[in-house]
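Working through the structure, step by step
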2 protein chains.
Amino acid sequence: MQRNTRQREVIREVFASAGRPLTPQEAAAAAQDALPSLGVATVYRAVKELADEGWLVALTVAGTMRFELASKGHDHHHHFHCHRCDRTFDIEACAGDLSRLVPSGFVMESHELTLNGACSACVQKTRSGGRRAR
Amino acid sequence: MQRNTRQREVIREVFASAGRPLTPQEAAAAAQDALPSLGVATVYRAVKELADEGWLVALTVAGTMRFELASKGHDHHHHFHCHRCDRTFDIEACAGDLSRLVPSGFVMESHELTLNGACSACVQKTRSGGRRAR
DNA sequence: ATACTTGCAAAACATTTGCAGTGAG
DNA sequence: CTCACTGCAAATGTTTTGCAAGTAT
């Protein structure tokens, strides 16, 4: 990422303030909020560069690629995917010792853990019998 | 899945004998091997039904949706994805108590754990200086 | 016979790429 | 001024869907 344009600035801001992984689509929607003329292609391009650069990390949850800040202060964490609203949240803790799971002969370099279920917001909607759409 | 047709039989057979998660595309290719006229749409439809039904489970590894038999004798297991050969292997063990990771208010229904690294075959190829493609 | 299934092709999406115009340096 | 960046639209690739014909029950 060489030139500092308004759109890239906005895109970075979106991820910086999101606090959770965003799909390129979510990021585009949020960014267009501040810069309506911004096109999705630009978001895809910027996101890819930011990921290559290491500022963002890519992860795939529920069949969709998502990106989030590489370092948010805490180093390693995992994700919770809500199948109700399809949002992905960060989980601050790590599962711990997984090396015992690695088959002999294999070399583990990283691991990815995703919990699936309903987020608190969706749980509450369900409880109150509420029917609120996205 | 109500009627027992030749194509569904073939599709089930493909997953049953695969021994590892398959993408819809892989499944379609394998099934068309036994039933050339079979279309991808049918595979997608069948796979979705089988997954709803619980006979297959969906997982996302390395950016692609894959499906595999829900119960292969052992109940719960995880996956190891080799970034070298892009194959996914089963890991018989489960990480254990993950409920402590769930944020309060959230309800976890399942979890998915993927270890990334190199499988034994690829590790050996590397050691022996070998260079073999997929 | 009935109506669930299938194959095909079009549709719906998500992501990428080509291009000419725009703007950062 | 230059050339990287952007927006638009067309191109890709994947999964879904509409429909008429096929077939299990």
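This text follows the structure it describes.
Presented here is an overview of the structure given in this document. Within each chain, residues carry numbers counting from 1 in the order of the written sequence. For this description, chains carry letters from A and ligands carry numbers from 1, given in the order in which they are written. Whole-chain, interface and lining totals are the exception, using all residues; otherwise, since this is a predicted model, local features are given only for residues with pLDDT of at least 70 and side-chain atom pairs are given and counted only at 80 or more. Based on all heavy atoms of the structure, the side-chain values leave hydrogens and waters out of the count.

Topic: the nonpolar core
For clarity, the threshold we go by: Note on terminology: a nonpolar core comprises buried Ala, Val, Leu, Ile, Met, Phe, Trp, Tyr and Cys residues joined through side-chain atoms within 4.5 Å. Each residue gets one of three labels from its accessible area relative to the maximum for its type: buried under 20%, exposed over 50%, partly exposed in between, using a 1.4 Å probe on protein chains only. Under the DSSP-based scheme used, a helix requires at least four consecutive residues in state H or I and a strand at least two consecutive residues in state E, with every element numbered from the N terminus. Throughout, a contact is declared for two residues whenever any of their heavy atoms are within 4.5 Å.
Grouped together as the largest cluster of nonpolar side chains are 27 residues, with contacts concentrated most on A:F80, A:L115, A:C119 and B:L115. Looking at this core, the elements that each hand over two or more residues are β3 (78-82), β4 (88-91) and β5 (107-118) of chain A together with β3 (78-82), β5 (107-118) and α4 (120-127) of chain B. Those residues in contact with B:L115, other than ones at most four positions away along the chain, are A:L98, A:L101, A:V102, A:M108, A:S110, A:H111, B:H79, B:F80, B:H81 and B:I91.

What about the packing of helix α1 (residues 6-18) of chain B against helix α3 (residues 40-53) of chain B?
Residue and element names in this part refer to chain B. Formally: For helices, the fitted axis covers only the stretch in contact; all axes are lines through C-alpha atoms, and the angles between them, taken along N-to-C directions, range from 0 to 180 degrees. By the definition adopted for this analysis, an angle is roughly parallel if under 35 degrees, roughly antiparallel if over 145, roughly perpendicular if from 65 to 115, and oblique otherwise. Handedness of a helix crossing follows the sense of rotation of the near helix relative to the far helix, less than a right angle counterclockwise being left-handed and clockwise being right-handed. Residues were grouped as follows: Ala, Val, Leu, Ile, Met, Phe, Trp, Tyr, Cys and Pro as nonpolar; Asp, Glu, Lys and Arg as charged; and all remaining residues, including Gly, as polar.
Between α1 and α3, the shortest axis-to-axis distance is 10 Å and the interhelical angle comes to 65 degrees. One finds that α1 runs roughly perpendicular with respect to α3. α1 and α3 meet at a crossing whose hand is right-handed. The segment α1 lies against α3, with Q7, R8, I11, R12 and F15 engaging T42, V43, A46, V47, E49 and L50. Residue composition of the contact of α1 with α3, grouped by class: 6 nonpolar, 2 polar and 3 charged.

Quick notes on the packing of α1(B) against helix α2 (residues 24-34) of chain B
Residues and elements named next belong to chain B. Put simply, α1 and α2 touch, their axes get as near as 9 Å, and they point 120 degrees apart. With respect to their mutual orientation, α1 and α2 come out oblique. The two elements α1 and α2 meet at a crossing, and its hand is right-handed. Residue-level contacts link R6, V10, I11, V14 and F15 of α1 to A27, A30, A31 and A34 of α2.

Description of the relation of the copies chain A and chain B
Convention followed: Alignment of the copies relies on least squares applied to C-alpha atoms, considering only residues that score at least 70 for pLDDT in both.
Least-squares fitting of chain A to chain B yields an RMSD of 1.5 Å, with the superposition described by an axial translation of 0.5 Å and a rotation of 175 degrees. Both chain copies can therefore be described as sitting about a two-fold axis. Relative to the rotation axis, the closest C-alpha in chain A is found at A:L113, a distance of 2.0 Å.

Points about the protein's contact with DNA strand C
Quick reminder of the rule: If even one non-hydrogen atom of a residue comes within 4 Å of a molecule or strand, that residue is called near it. N or O atoms within 3.5 Å of each other form a polar contact, as long as, within protein, one can give a hydrogen and the other can take it, and as long as residues adjacent in sequence are counted only when both atoms are side-chain atoms.
Close contacts around DNA strand C come from 19 residues, with A:R3, A:Y44, B:R8, B:T42 and B:R45 the closest. The contact atoms of DNA strand C, taken as those within 4 Å of the protein, divide so that sugar and phosphate hold 68%. In the model, a phosphate oxygen of DNA strand C is placed 2.3 Å from a nitrogen or oxygen of the A:Y44 side chain. Contacts to DNA strand C include B:T42, whose side-chain N or O atom sits 2.5 Å from a phosphate oxygen. With 4 residues, helix α3 (residues 40-53) of chain A is the single largest residue contributor to the surface near DNA strand C. Each residue belonging to the surface near DNA strand C can be placed in one class, and the counts come to 5 nonpolar, 8 polar and 6 charged.

Comments concerning the interface of chain A and chain B
Quick note on the threshold: Buried area counts how much accessible surface, traced with a 1.4 Å probe, disappears from two parts once they are put together, with both parts' losses summed. One speaks of a salt bridge when a side-chain nitrogen belonging to Lys or Arg is within 4 Å of a carboxyl oxygen belonging to Asp or Glu. Here the rule is simple: two strands pair whenever DSSP picks up at least two bridges between them.
In this complex, chain A contributes 33 residues to the contact, which on the side of chain B involves 33 residues. Summed over both sides, the interface between chain A and chain B buries roughly 2600 Å², with carbon and sulfur atoms accounting for 63% of that surface. On the chain A side of the contact with chain B, A:L101, A:F106 and A:N116 bury the most area, a combined 22% of that side's loss. At the junction of chain A with chain B, the criterion picks out 0 salt bridges. For the interface between chain A and chain B, the tally reads 9 residue pairs in polar contact (both at pLDDT 80 or more). Elements supplying a minimum of two residues to the side of chain A that touches chain B: β4, β5 and α4 (120-127) of chain A. Among the elements that line the side of chain A that touches chain B, the one with the most residues is β5(A), at 12 residues. Residue classes in the side of chain A that touches chain B are distributed as 19 nonpolar, 11 polar and 3 charged. The pairing of β5(A) with β5(B) spans 11 bridges and is antiparallel. Residue pairing across strands places A:T114 opposite B:E112, the latter belonging to β5(B).

The values are spatial; any link to function lies outside them.
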